[in-house]
Amino acid sequence: QLARIQTDSVVTILRELYPDLHFEIAVAMSTTGDKILDTALSKIGEKSLFTKELENALEKNEVDLVVHSLKDLPTSLPPGFTIGAVCKRENPLDAVVFHPKNCGKTLSLLPEKSVIGTSSLRRAAQLKKKFPQLQFRDIRGNLNTRLKKLDEKEDFSAIILAAAGLKRMGWEHRIGQLLDPEDCLYAVGQGALAVEVRAKDQEILNMVSALHDADTVLCCIAERAFMKCLEGGCSVPVAVSTLLKDGQLYLTGAVYSLDGSDSLKETMQTSVNYPHQNEDGPNDDVQHVGITAKNVPSQAQEAAENLGVELANLLLSKGAKHILSVARQLNDTC
């Protein structure tokens, strides 16, 4: 349901921009990540959990564009594909949804040993350290399924979900607590929608590029570059927070052990205040961590990507590789 709502929202904008074109949402399909619901996301070991089947349809020209949650897309896309648009970001923060009996509480007010549901190692690692009195247990399924598990059983006192998904579903009223970055840094790309297209299909690429939100593009390029350099993914706890203000892009990035006891966190900034230049020619379709954004200044994109790489290298120089490799090994054996 959320995937359909997200696709509908993108198609609505495209129909307004291009009233003479016909857009048809013709295909609904399940992905590997949708089908395997009895295993933690971090253990399935598939880099394209929510994308592979959709990319097959793109490759066969059965569809011309695919709408994803950007956080589901790997930092390296298969050859022949690109993210042709990154839409304006919804609230990227994580949110706590409480069991009805805990309505009005916050995580800090829950009784000791209360069980919190989350499918994310990143969320669990940060919150275990912040709230050692609570217990964290894996919960899978789409938003409807997870909310049903919360409301109809006594297994969970609360669950952690992305605020963006709840808002898009019209369930913002269920948010009992928003977790600011001091409590919980968010996932790379969280809250942003991406439109994936065939990299060589200039007509479609030009069409969807009108959907790009420049600020979101720059923030997400920095975040994805940070993750790519760390070789992170859903099997290790990597988290970010970005802020673009007065031409300066600030990126906070962190890595965590599975229990949150060991962590590294740093913030860096760079200027992305570059004018847009007409750059016709061979550089037209340069990708930055899988994103093609012709209408965003290329120097700004390069600066954002370099910021992510530099921050990752700073953490690596302080021991991030060891923290992540131990987390990966422990996750594989748990």
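The rules behind each value
- Residues numbered from 1 in each chain as written.
- Predicted model: local features only at pLDDT ≥ 70, side-chain atom pairs only at ≥ 80, totals over all residues.
- Heavy atoms only, no water.
- Buried < 20%, exposed > 50% of the residue type's maximum accessible area, 1.4 Å probe, protein only.
- Helix = DSSP H or I, 4+ residues; strand = E, 2+ residues; numbered from the N terminus.
- Arc of directions from axis to C-beta.
- Contact = heavy atoms within 4.5 Å.
- Polar contact = N/O pair within 3.5 Å; in protein donor to acceptor, adjacent residues only side chain to side chain.
- Pairing = 2+ DSSP bridges.
- Axes fitted to C-alpha atoms, helices over the stretch in contact; angles between N-to-C directions.
- Core = buried A, V, L, I, M, F, W, Y, C linked by side-chain atoms within 4.5 Å.
- Salt bridge = Lys/Arg side-chain N within 4 Å of Asp/Glu carboxyl O.

> Help me out: how do you make sense of helix 6 (residues 143-152) in this one?
Residue pairs three or four apart in sequence face the same way in an α-helix, which turns once every 3.6 residues. Three or more residues of helix 6 are buried, namely Leu143, Arg146, Leu147 and Leu150. For helix 6, the arc enclosing every buried residue in end-on projection is 95°, short of the 170-degree limit, so these residues lie on one face. In this structure, the buried side of helix 6 is in contact with helix 1 (2-17), strand 3 (94-98), strand 6 (158-162) and helix 7 (163-168). Two or three places before Asn144, at the opening of helix 6, Asn142 has a side-chain oxygen 3.1 Å from that residue's backbone nitrogen.

> Before we go on, may I ask you to explain the sheet that holds strand 11 (residues 263-271) in this structure?
The strands that make up a sheet pair up through hydrogen bonds in the backbone, lying either parallel or antiparallel. Here three strands make up an open sheet; going across it, the order is 9-10-11 and the pairing antiparallel. With partners counted over all chains shown, the strands left at the sheet margins are strand 9 (238-245) and strand 11, one partner each. Each adjacent strand pair in this sheet contributes to an overall mean axis angle of 15°, direction not counted. Of the pairings in the sheet, the one linking strand 10 (residues 248-256) to strand 11 comprises nine bridges and is antiparallel in character. Bridge assignment links Gln248 to a residue of strand 11, and that residue is Ser271. Relative to the sheet, helix 9 (residues 214-230) contacts strand 9 and strand 10, its axis offset from that of strand 9 by approximately 150°. Sheet contacts for helix 10 (residues 298-317): strand 10 and strand 11; angle to strand 11, the most-contacted strand, approximately 150°.

> Please clarify how the side chain of Arg122 should be interpreted in this entry.
As for its placement among the helices and strands, Arg122 is situated in helix 5 (residues 121-130). With relative accessibility at 6%, the residue Arg122 sits in the buried group. Side-chain polar atoms of Arg122 contact the side chain of Gln190, separated by 3.4 Å. Once residues lying within four places of it in the same chain are set aside, the contact partners of Arg122 are Asp94, Cys184, Leu185, Tyr186, Ala187, Gln190, Pro237, Val238 and Ala239.

> Hey, could you run me through the side chain of Asn102 in this one?
The residue Asn102 is located in the loop between strand 3 and strand 4 (115-117) in this model. Ignoring sequence-local partners within four residues, the contact set of Asn102 consists of Leu110 and Ser157.

> Would you take a moment to explain the nonpolar core for this structure?
Nonpolar side chains tend toward joint burial in soluble globular proteins. Ranked by internal contacts, the top residues of the largest apolar core, which has 45 residues, are Leu70, Ile83, Phe226, Leu230, Val238 and Val255. Among the elements that take part in this core, helix 9 stands out by supplying ten residues, more than any other. With residues near it in sequence (within four places) discarded, Leu230 still touches Val238, Val255, Ala312, Leu316, Ala320 and Leu324. Listed in part, the 15 residues of the second largest apolar core include Val11, Ile204, Leu205 and Val208.

> Sorry, what's going on with the pairing of strand 6 here?
Burial of strand 6 is extensive: five of the five residues sit out of reach of the surface. Going residue by residue along strand 6, you find Ala158, Ile160 and Ala162 tucked away on one face and Ile159 and Leu161 tucked away on the opposite face as well. Sheet analysis places strand 3 next to strand 6, joined by five bridges and oriented antiparallel. Within strand 6, the residue paired with Asp94 across the bridge is Ala162.

> So what exactly am I meant to see when it comes to the pattern of salt bridges here?
Pairing between side chains of opposite charge can happen when the charged atoms of each approach one another. Applying the stated rule across the entire model yields eleven salt bridges. Between Glu90 and Lys167 there is a salt bridge whose closest N-O contact spans 3.4 Å. Placement of the pair is Glu90 in the loop between strand 2 (81-86) and strand 3 and Lys167 in helix 7, with a sequence separation of 77 residues. A salt bridge links Arg123 to Asp94, with the nearest nitrogen and oxygen atoms 2.8 Å apart. Of this pair, Arg123 sits in helix 5 while Asp94 sits in strand 3, and the two are 29 residues apart along the sequence.

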